[in-house]
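Coordinates in review
One-letter residues, chain by chain:
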Amino acid sequence: MRGRALGIGTRVGVVVLTVGVLVWLPQYYGATDTALFAKAIYISIAALGLNILTGYNGQVSIGHGAFFGFGAYATAILMNDQGWDFLATLPVVAVASFVIGAAVGFPALRVKGLYLALITLGLAALFPDLVTKYVHGTGGTTLVQPPQPTSPSWAWGFAPNDDQWRYYLALAIGIVMFVLAWNLVRGRFGRALLAVRDHDAAASTIGIDLARVKVGSFAISALYAGIAGSVGVMVTGLANAGRVETFQLSINFLVAVVIGGTATVLGPVVGAWTFVFLEKATQNLFPDQALVSPAIFGVALILLLLLLPDGIVGGARRVGRFARRQRHARGSPPTRDVPSPIREDHP
Amino acid sequence: MDLNLFFSQLLNGLSSGAIYASLALAIVLIFRTTGILNFAQGEMALFSTYVTWWLADQGLSIGVAIAISVAVSFVGGAVIERVVIRPFEKASPLVIVIATLGLFLALNSLTQVIFGTDAKQLGSAFPDTVWDVWGLRVEAQTIGILVVLGLECVALWALFQRTRIGLGLRAVADNPEASRLLGIRVGTMLMFGWGLSAALGSLAGAMVVPTTQALTASSLQSVLVFAFAAAALGGFDSPLGAVVGGLIVGVTQALTIQYIEPLNDIELVVPFAIILVVLLVRPSGLFGSTQVERV
């Protein structure tokens, strides 16, 4: 395993501080910003899942917007037509997305790389048509607007406004999904994912079940995207699946994974927040020129990739390693936080 | 079964298939020389098509406008390779894919900023003559598109197999390091490949717009999806595969719309189902070359 860059005390401190800031955010900022933070959370959830598939297992998908859309519609329709509670829809969405993801991932056993990416593109192209055909929402359109959860009376102390309550709901779900992903990639299954990514034939000779790993990572990433969709519809109160939106969502998830740092646990989360704020910043740059912002965003994206080809988390790690090597070179005694250089050089 | 209807749908399918094939050829060309799947291909073609529209709007005849636009696109494609893609030469394929997606966003919004958001009308390069062949309506438009595709194929074949530049392009695609040692200017070849591909996209754009209603910023996005489908079906490294794949996708699409009632509005299922089946049997497409892996 990789050497620890920080000691256990520092790590706990960072986690407490991060969660503290995340809890504090909606207390300080207004409804518009809180909605933006909540968006960053649900994009994070989807990116966490996609990172398991693309970062750890090396299977590129440009169709996860479809799974997101599925989760959004499933939650919206169950809440709207059947009167379900928001939280009650989550297990259903999780199981259903997992099963659909496994079915879609099945060709991955034989089809690899770009060809697989193209099959997932088909999914993203097809999903909006399916919605147009089978969903009859508000006024005959494909829009479904479920009732959004409101802040219950016992929570009025810390979340008097409904948008704050929705943010906290999203945050709680996001933290659960993050911890699950963390445990998954650091365990046996995570190592199997990497082995299959780096060389599937070699991985199978040491007893890794290729079918289970490949299809499993697809199913898990679909589950994450589905849950992200449910959270998304809870936050925005609107399920929609235009062709452009579905494709753009798929792209956004990939962008979050890559700018955050592929195959790092934190990467997708950092990437999702960066993405959401970069998008917002480029929109604010020329408020009356809405058309220009995607251009600036595209250019910013390309520049970011040039500067940090292994993502923000990957780049930070490189800086950290460099700094520690410098300290060693100057002959200062290694502190408790710094692992021996031998472990460093053989990750 | 109404044979006349069948053949007219077949012709429709062939003509839209030929357009998918044109753009698929552009995708394959870049993939073969650089190993990059260019997601911005459709938006590059979109920009070129707007250039064609602008030139025609200035009073040039449509043929001249297309010719100039093809030349402009060639230069533009080469510049994009040099400025945007070359810095990523050593990056991982996933990073390059994201970079082309950035290009996609940038070009799409740039097009709207420069040319405006209102829908444009672009005339066809072909006369609107209609021939009657044994009771079957055959439009000059349809035949024209197929002829252009045929010419593109012949020209590409001649370029790759019969010229020195083509030999260089093939060498670079096969082994860039060895080509460099042999004195081939790899960078120039890559720029040439991107230029060529942008020029093909420009032709595809000029052909697709008159068959649909109008030119808007999203005109080429569904065409791109089908072109990708065509390239996957035929095999990403096979120009012949791109053409055959494009025609298959176009024809199945047209026939599904006409004949399979339950699939109305979701006729996209059919081309992708075909691709899925083909890829399950032949994972590198119909004509793609298979990679042999050693452990």
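All figures in this text were calculated on a predicted structure; none of them were measured in a lab.

**What about the overall build of chain A?**
Counting its secondary structure elements, chain A contains 14 helices and 0 strands. Beginning at the N terminus, the succession of helices and strands in chain A can be written as α-α-α-α-α-α-α-α-α-α-α-α-α-α. Relative to the 2.2 N^0.38 estimate, which gives 20 Å for 347 residues, the radius of gyration of chain A is 21 Å and therefore close to what a compact globule would have. With 347 residues in all, chain A has 46% of them scored as buried. The long-range share in chain A, meaning contacts at least 24 apart out of those at least 6 apart in sequence, stands at 73%.

**Notes on the overall build of chain B**
In terms of regular secondary structure, chain B is built from 11 helices and 2 strands. From first element to last, N terminus to C terminus, chain B shows the α and β order α-α-α-α-β-β-α-α-α-α-α-α-α. Taking 19 Å as the expected radius of gyration for a compact globule of 295 residues, we find that chain B reaches 19 Å, a close match to that expectation. In terms of principal-axis extent, the alpha carbons of chain B reach across some 60 × 50 × 35 Å. Contacts spanning at least 24 positions in sequence make up 74% of the contacts within chain B whose residues lie at least 6 apart.

**Examining the pairing of strand S2 (residues 136-139) of chain B**
Residue and element names in this part refer to chain B. Judged from the 4 bridges that link them, strand S1 (residues 130-133) and S2 form a sheet pairing that is antiparallel. Bridging from a neighbouring strand, Val133 pairs with Leu136 of S2. Hairpin connection, S1 to S2: the antiparallel pair is bridged by 2 residues, and Trp134 has positive phi, about 45°.

**Considerations on the nonpolar core**
Formed by 190 residues in total, the largest nonpolar core has its most connected members in A:Ala46, B:Leu23, B:Ala24, B:Ala227, B:Ala229 and B:Ala230. If sequence neighbours within four positions are ignored, B:Ala24 has contacts with B:Ala227, B:Ala230, B:Ala231, B:Ala242, B:Gly245 and B:Gly246.

**Quick word on the environment of B:Val84**
Within the fold, B:Val84 resides in helix H3 (residues 62-85). Along the primary structure B:Val84 and B:Ala24 are separated by 60 residues, whereas in three dimensions their C-alpha atoms are 21 Å apart.

**Let's talk about the interface of chain B and chain A**
Every contact between the two is made by 36 residues of chain B and, on the other side, 37 residues of chain A. Broken down by secondary-structure element, the contributors of at least two residues to the side of chain B that touches chain A are helix H4 (93-115), helix H9 (221-234) and helix H11 (269-281) of chain B. Here the side of chain B that touches chain A takes 14 residues from H4(B), the largest share from any one element. Here the side of chain B that touches chain A is built from residues that sort into 29 nonpolar, 5 polar and 2 charged.

**Observations regarding unusual backbone geometry**
Positioned with a positive phi, A:Ala263 is a non-glycine residue whose angle comes to about 55°. Inspection of the secondary structure puts A:Ala263 in the loop between helix H10 (243-260) and helix H11 (267-285).

**A few points about helix H6 (residues 162-186) of chain A**
Residue and element names in this part refer to chain A. Between its first and last C-alpha, H6 extends 36 Å over 25 residues, near the 36 Å set by a 1.5 Å rise per residue. Here H6 has its buried residues at Asp163, Gln164, Trp165, Arg166, Tyr167, Leu169, Ala170, Ile173, Gly174, Met177, Ala181 and Val185. Of the surrounding elements, those touching the buried residues of H6 are helix H1 (8-28), helix H2 (31-56), helix H7 (188-198) and helix H9 (210-236).

**A word on the environment of B:Glu89**
The topology assignment puts B:Glu89 in the loop between H3 and H4. Separated by 17 residues in the primary sequence, B:Glu89 and B:Val72 have C-alpha atoms spaced 25 Å apart.

**Notes on the confidence of the model for chain A**
All names here are of chain A. Residues of chain A with pLDDT of at least 70 account for 92%, and the chain-wide mean is 84. Across chain A, the secondary-structure element scoring lowest on mean pLDDT is helix H14 (residues 341-345), at 39, and the one scoring highest is H9, at 93. Confidence over residues 338-347 falls short of pLDDT 50; this stretch has 9 contacts with residues more than four positions distant or in other chains.

**Considering the confidence of the model for chain B**
Residue and element names in this part refer to chain B. Per-residue pLDDT for chain B has a mean of 86; in total, 97% of the residues score no lower than 70. Confidence, expressed as mean pLDDT per element, reaches its minimum in chain B at H11 with 80 and its maximum at H3 with 93. With a pTM of 0.84, the predicted complex shows an ipTM of 0.79.

**Looking at the environment of B:Ala214**
Residues and elements named next belong to chain B. Note on placement: Ala214 falls in the loop between helix H8 (186-211) and H9. Between the C-alpha atoms of Ala214 and Lys120, which are 94 residues apart in sequence, the distance is 5.6 Å. Setting aside anything within four residues of it in sequence, one finds Ala214 in contact with Ala119, Lys120 and Gln121.

Reading guide: rules and limits
Once a new chain begins, its residue numbering starts again from 1 and follows that chain's sequence as written. Just so you know, chain letters begin at A and ligand numbers begin at 1, following the order they were written in. At least 70 in pLDDT is required for a residue's local features to be given in this predicted model, at least 80 for side-chain atom pairs to be given and counted, and no such filter applies to totals for whole chains, interfaces and linings, which use all residues. Comment: elements are numbered from the N terminus, with helices defined as DSSP H or I runs of at least four residues and strands as E runs of at least two. In this treatment the radius of gyration is a C-alpha quantity, and the globule benchmark scales as 2.2 Å times the residue count to the 0.38 power. Using C-beta atoms placed from the backbone, we call a residue buried if 20 or more other C-beta atoms fall within 10 Å of its own, exposed if 12 or fewer do, and partly exposed for counts in between. Any two residues are considered in contact once their C-beta atoms, placed from the backbone, lie within 7 Å. When DSSP finds at least two bridges between two strands, those strands are taken to pair. We define the nonpolar core as any set of buried residues of the types Ala, Val, Leu, Ile, Met, Phe, Trp, Tyr and Cys, connected via C-beta atoms lying within 7 Å of each other. Charged means Asp, Glu, Lys or Arg here, nonpolar means Ala, Val, Leu, Ile, Met, Phe, Trp, Tyr, Cys or Pro, and polar covers whatever is left, Gly included. How far a helix is expected to stretch is found by multiplying one less than its residue total by 1.5 Å. A score from 0 to 100, pLDDT tells how confident the predictor is in each residue.

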